[in-house]
Amino acid sequence: GVLHAAYELGFGLGFGVDAGYLYVATSTHGRTTSLQPVGLPATSGKTDDDLRLSGVTLGAATSFHRGESWPFSLRLGAGVLFGSAADKRTGTFTNSAGDDFRIAERETASATYFYVAPEVRIAKKVGSHVEVSAGAEALIMTGLTEPKWSDAHPVALTPEPLTQQGDGLGTFGRQSLAGSLVVVIVPGVAVRYAF
């Protein structure tokens, strides 16, 4: 969701500021990864990751708006996303004794991205001041700080029941939670009010 406030010149060129909130999520299934026990060889397994990137967006934009009954608009925005990335990770691994064990871990890391946001919209006028429009915006984001899995909580490499032999504690190592380049296509509807 985004709120745009802009000043528009008589021939359609506008300048403004934007503030909004972005939430995107995705999942991966059956990804091969490894856990590193302390003092033992790494053990491999399969994990499912539920990933989320969210945060506040602040920026500025320039726009061009023309048309009477069916106006169209082109916008180009730029700004910064201040937020976080989270990973809820579950999976199954095999320890050095050949016993399977499951893990369920979650980590969150801060994420800051610079973005460029081209947008195109087509609208229908409703009265003299209101337009209802549909369009699409592309958020092209590059990481200023890349969120990473930090092993804040070591994983217990212990099968159930706890009477079985375990391999102590292990770590995944520092893994990226979101890419250094993220592209999000956002279709949407909007209401424009001209004062």
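Structural data are supplied above this passage.
Ranked by size, the top nonpolar core spans 23 residues in total, and within it L35, L53, I103, Y113, L139, M141 and F172 carry the most contacts. Looking at this core element by element, the count peaks at seven residues for strand β5 (residues 100-126). Non-local contacts of L35, meaning those with residues more than four positions away in its chain, are made with A42, T43, F93, F101, I103, V155, L157, G170, T171 and F172.

Relative to the helices and strands, G168 resides in the loop between β8 (155-156) and β9 (169-171). Distance from G168 to V191, taken between C-alpha atoms, is 57 Å for residues 23 residues apart in sequence. Discounting chain neighbours no more than four positions away, the residues touching G168 are V155, A156, L157 and T158.

Let us now look at the packing of aromatic side chains. All told, the structure shown has four aromatic pairs when counted by the stated rule. Taken together, a centroid distance of 5.1 Å and an interplanar angle of 75° make the contact between Y193 and F195 edge-to-face. On the basis of relative accessible area, Y193 is assigned to the partly exposed category, the value being 48%. Here the aromatic cluster, defined as three or more aromatic residues joined through ring pairs, consists of F93, F101, W149 and F172. Just above the ring of W149 sits the side chain of R89; from NZ or CZ to the centre is 4.0 Å.

This part is about unusual backbone geometry. Look at D151: it is not a glycine, yet its phi comes out positive at around 55°. Within the secondary structure layout, D151 lies in the loop between β7 (148-149) and β8. The exposure class of D151 is buried, given its relative accessible area of 16%.

Note on strand geometry: in a regular strand, side chains alternate between the two faces of the sheet. Pairing analysis gives 21 bridges linking strand β2 (residues 13-37) to strand β3 (residues 43-66), with the strands arranged antiparallel. Directly across from L22, in β3, lies its bridge partner G55. In textbook terms, the turn of a hairpin is the stretch between consecutive antiparallel strands, and for β2 and β3 this stretch comprises five residues, one of which, G39, has a positive phi near 75°. For β3 and strand β4 (residues 72-94), the ladder comprises 22 bridges, and the chain directions are antiparallel. Its bridge partner being in β4, A61 is matched across the sheet by G77. As consecutive antiparallel partners, β3 and β4 are separated by five residues, and within that stretch G67 has a phi angle of approximately 115°, a positive value.

This part takes up a nonpolar patch on the surface. Taken together, the side chains of Y7, L9, F11, F15, F64, W70, F72, L74, V120 and I122 make up a nonpolar region of the molecular surface, amounting to roughly 1,000 Å² of accessible area. Within the residue set of the nonpolar patch, elements represented by two or more residues are β4 and β5. With respect to the helices and strands, the residue F64 is situated in strand β3.

Inspection of the entire model under this criterion finds eight salt bridges. One salt bridge in this structure joins R89 and D49, with 2.7 Å as the shortest N-O distance. Separated by 40 residues along the polypeptide, R89 in strand β4 and D49 in strand β3 bring together distant segments of the chain. Comparing R89 with D49, the two get one shared label, buried. Where salt bridges share partners, they join D18, R75, E119 and R121 into one cluster.

The sheet contact formed by strand β1 (residues 2-8) and β2 spans seven bridges and is antiparallel. Looking across to β2, one finds that Y7 is bridged to F15. What sits between β1 and β2 in their antiparallel hairpin is a turn of four residues, with G12 showing a positive phi close to 105°.

Within this model, the second largest pocket holds a volume of roughly 150 Å³. Looking at the second largest pocket, the residues that line it are V24, A25, T26, L51, R52, L53, A85, A86, L177, A178 and V182. At the level of secondary structure, the elements contributing two or more residues to the lining of the second largest pocket comprise β2, β3 and β4. When its residues are assigned to classes, the lining of the second largest pocket shows nine nonpolar, one polar and one charged.

Reading the values: the criteria
Residues numbered from 1 in each chain as written. Predicted model: local features only at pLDDT ≥ 70, side-chain atom pairs only at ≥ 80, totals over all residues. Heavy atoms only, no water. Core = buried A, V, L, I, M, F, W, Y, C linked by side-chain atoms within 4.5 Å. Buried < 20%, exposed > 50% of the residue type's maximum accessible area, 1.4 Å probe, protein only. Helix = DSSP H or I, 4+ residues; strand = E, 2+ residues; numbered from the N terminus. Contact = heavy atoms within 4.5 Å. Phe/Tyr/Trp six-rings, centres within 6.5 Å; stacked < 30°, edge-to-face > 60°. Lys NZ or Arg CZ within 6 Å of the ring centre and 35° of its normal. Pairing = 2+ DSSP bridges. Patch = residues over 30% accessible without salt bridge, like charges linked within 9 Å, V, L, I, M, F, W, Y side chains within 5 Å. Areas by Shrake-Rupley, 256 points an atom, 1.4 Å probe, with all protein chains shown as cover. Salt bridge = Lys/Arg side-chain N within 4 Å of Asp/Glu carboxyl O. 1 Å grid on protein atoms, 1.4 Å probe; cavity = no way out; pocket = protein on both sides within 12 Å on 5 of 7 lines; lining within 4 Å. Points joined across faces, edges and corners; volume = space filled by probe spheres on them. Nonpolar A, V, L, I, M, F, W, Y, C, P; charged D, E, K, R; others polar.

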